[in-house]
Amino acid sequence: KNSTNELPMIDLQEVLGFVQKIHESGYETEPLPRVAKSTGYAHATSTPFYRRMLAGRLFKLLSPQGAELTKLALDSFKPDTEEAKSKALGDAVAGIPGYAELIEKYDGKRLNAEILSNSIARKFELGDACAAICAKTFIQSLKFAGFLDGDNTLIGPGRGKKTFTSALASSFPDQALP
């Protein structure tokens, strides 16, 4: 397959910018064709717009229908506490089932884009080009959320060498994690 609806093909930072445009334009409750035009896309059916909407939904920044923003989106770019933004970014990344599986598999390990791409291609039955985009998107999203150290090792943000899963467990003690 050359595309997927299980993993984002647009990274978290870019999707947050897209979601912020929707919010700033005031078109959150408008029909998708108007949302597309307000964010610079000719049609709601265009591939770039569709991929951004899908990624926004996968990251749980947009509601399942339409373009309404979630609390997670607002916490990401308009946090009301010091911890809200980092928690929201972590929740956005860890909330995608495919990402949760990858996080569990690579927790505490240095990420290699080629190996990750091969893993994604096999697990999600994707073509090499699509898997490479998904791997790059995963790495960029983790980096933006602060879950990679300087050598691309998957860790919790600002928590020394704790792994991603242990860092999330200490942040969310009442929730079951991958």
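Remember, it's a predicted structure, so these values are computed and weren't measured experimentally.

Brief notes about the side chain of Ser 119
By the secondary structure assignment, Ser 119 is in helix H7 (residues 113–124). A distance of 3.0 Å separates the side chain of Ser 119 from the side chain of Lys 105, its partner in a polar contact. If we ignore the near neighbours within four places in the chain, the residues touching Ser 119 are Leu 102, Lys 105 and Tyr 106.

Some remarks on the packing of helix H1 (residues 12–25) against helix H8 (residues 128–145)
In the contact formed by H1 and H8, the axes pass within 7 Å of each other and the chain directions differ by 75°. The pairing of H1 with H8 is recorded here as roughly perpendicular in orientation. In this structure, H1 contributes Leu 12, Gln 13 and Leu 16 to the contact, and H8 contributes Ser 141, Phe 144 and Ala 145. Here the contact of H1 with H8 is composed, by residue class, of four nonpolar, two polar and no charged.

Reading the values: rules and limits
Residues numbered from 1 in each chain as written. Predicted model: local features only at pLDDT ≥ 70, side-chain atom pairs only at ≥ 80, totals over all residues. Heavy atoms only, no water. Helix = DSSP H or I, 4+ residues; strand = E, 2+ residues; numbered from the N terminus. Polar contact = N/O pair within 3.5 Å; in protein donor to acceptor, adjacent residues only side chain to side chain. Contact = heavy atoms within 4.5 Å. Axes fitted to C-alpha atoms, helices over the stretch in contact; angles between N-to-C directions. Parallel < 35°, antiparallel > 145°, perpendicular 65-115°, else oblique. Nonpolar A, V, L, I, M, F, W, Y, C, P; charged D, E, K, R; others polar.

That is the geometry; function is a separate question.
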